[in-house]
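Close look at the chain arrangement
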Amino acid sequence: MKFATFYYPGYYSCPVRNLAAGKSIDEWDLLRAEPTSVFVKTEPVRPALGYTDCSSPSALSQEASIAKSHGIDAFIFNYYFDGEREELAAPINAFADLETELGFALNICCHMPKRKLPFGVNDTIIAPFTHLTEQEFGDMADNLALRFLRHDRYMRQDGRVVLTIYHVNALIFLYGPKGLCGRLEILRKTLRKHGLEAYLIGLYSIAGGWGRRTLGIDELPFDSFSCYVALPDFECREPVQDYLCVAERSLRAMQVRTSCGKPVVVCVGAGWNATPRGAPNYDPKIHGLSFPYYPVVIGDEPAAFEQYLQHAYQTALSDTSFVQDLLFLGPWNEWTEGCYLLPDTRHGLAKLEAVRRVKLKVRKGQPEEGWNLGPH
């Protein structure tokens, strides 16, 4: 089974993003400020490797080495394009040129990266949606094929190049089911001109989104579905959520079968606390429960993460409604959302060591151990 993790390329100074935002954006500043949640006391998040530049080949090489040595097979880089320009593209450009054994893939996002950080509950147009014409969609596919998809390290599934596309509900809103189908078919046809077949994974913002009555989902030509994080419960009115409880809810949501019979790629989130992305002066009594301040997941200890991951991979292996040789570990480095696998000063490499132990069990075919979810 391949383990892949999403790579957020926002931790460097991107001139194109800065120009669009009208100011220089440094997301590390959000962590350095060490904001605390209004709901619960949380420990500050500090990267053990330092506040690195994720577009630096040396930093990327170090991260790739750590990932590979702990059982991870590929980084899936978020890709942002509005029809005219790319943003946060330096990390994927540098990574494709690295001498490393770690694979990579692309996650095509339906919006541009956040251009206002931190942001408050009344802020708008924080991460603008992108509406690509069919011509622009085809040109993008042609460009990505030439630059990345033919690379010998590019991740494949059943011999086909993997592209995840985030997120399905917003894409349906932007294009309608017919318009989205047309663009996905253009994507496939364009790649065939380069001798490539595509394996398209439609990502949702929450686990189980594929099981809802989404307009047009039955007709969408994705090969499988999944989500980006698979942990926080945004529909629950509890602002503070226990890790193992929401892990169980997420896994149950993932077990909901798609109405179109397409398989699901299991996804596991390592934690969640997006408080650093929120501007000051949030008051839940005035503003209600609002992202990014809510929810906050507590109890995301390495042992709890390992239980979730172990149970998730066993579920994937034992249920044919899942893709049985691919698992998403959620984000590798969403530091300002509290969802990351890279070592921090609190747990060090403990979560990555958990990934390695579970991966070894996958290879050895060991049976599932009991999973104590704790009180609800």
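Basis of the calculations
- Residues numbered from 1 in each chain as written.
- Predicted model: local features only at pLDDT ≥ 70, side-chain atom pairs only at ≥ 80, totals over all residues.
- Heavy atoms only, no water.
- Helix = DSSP H or I, 4+ residues; strand = E, 2+ residues; numbered from the N terminus.
- Rg over C-alpha atoms; globule rule 2.2 N^0.38 Å.
- Buried < 20%, exposed > 50% of the residue type's maximum accessible area, 1.4 Å probe, protein only.
- Contact = heavy atoms within 4.5 Å.
- Areas by Shrake-Rupley, 256 points an atom, 1.4 Å probe, with all protein chains shown as cover.
- Lys, Arg positive; Asp, Glu negative; His and termini not counted.
- Charge placed at Lys NZ, Arg CZ, Asp CG, Glu CD.
- Pairing = 2+ DSSP bridges.
- pLDDT = per-residue confidence, 0-100.
- Phe/Tyr/Trp six-rings, centres within 6.5 Å; stacked < 30°, edge-to-face > 60°.
- Lys NZ or Arg CZ within 6 Å of the ring centre and 35° of its normal.

1. With respect to the overall build of the protein chain
Helix and strand counts for the protein chain come out as ten helices and 14 strands. Scaling as 2.2 N^0.38, a compact globule of 376 residues should have a C-alpha radius of gyration of about 21 Å, and the protein chain matches this with 20 Å. Residues classed as buried in the protein chain amount to 59% of the 376 residues present. Look at the contacts in the protein chain between residues 6 or more apart in sequence, and 78% of them connect residues 24 or more apart. For the protein chain, the accessible surface area stands at approximately 15200 Å², while carbon and sulfur atoms represent 50% of it. The average position of the 39 basic charges and that of the 44 acidic charges among the side chains of the protein chain differ by 2 Å.

2. Some details on the pairing of strand β1 (residues 2-7)
Burial analysis of β1 places five of its six residues in the buried class, the great majority of the element. Sheet analysis places β1 next to strand β2 (residues 74-81), joined by four bridges and oriented parallel. Looking across to β2, one finds that A4 is bridged to A74.

3. Some remarks on the confidence of the model for the protein chain
Confidence in the prediction for the protein chain averages 94 pLDDT; 95% of positions are at 70 or higher. With pLDDT under 50 throughout, residues 372-376 is counted as low confidence; its partners more than four residues away or in other chains account for eight contacts.

4. Quick notes on the packing of aromatic side chains
In total, this model carries 27 aromatic pairs according to the counting rule given. Judged by centre distance (5.6 Å) and plane angle (50°), the rings of F75 and F95 are tilted. Linking F75 in strand β2 with F95 in helix α4 (residues 90-96), this pair joins segments that are 20 residues apart in sequence. F95 carries the same exposure label as F75, and that label is buried. Put simply, the rings of Y7, F75, F77, F95, F104, Y154 and W332 pair up and form one aromatic cluster. Directly above the aromatic system of Y51 lies the positively charged group of R32, at a separation of 4.4 Å from the ring centroid.

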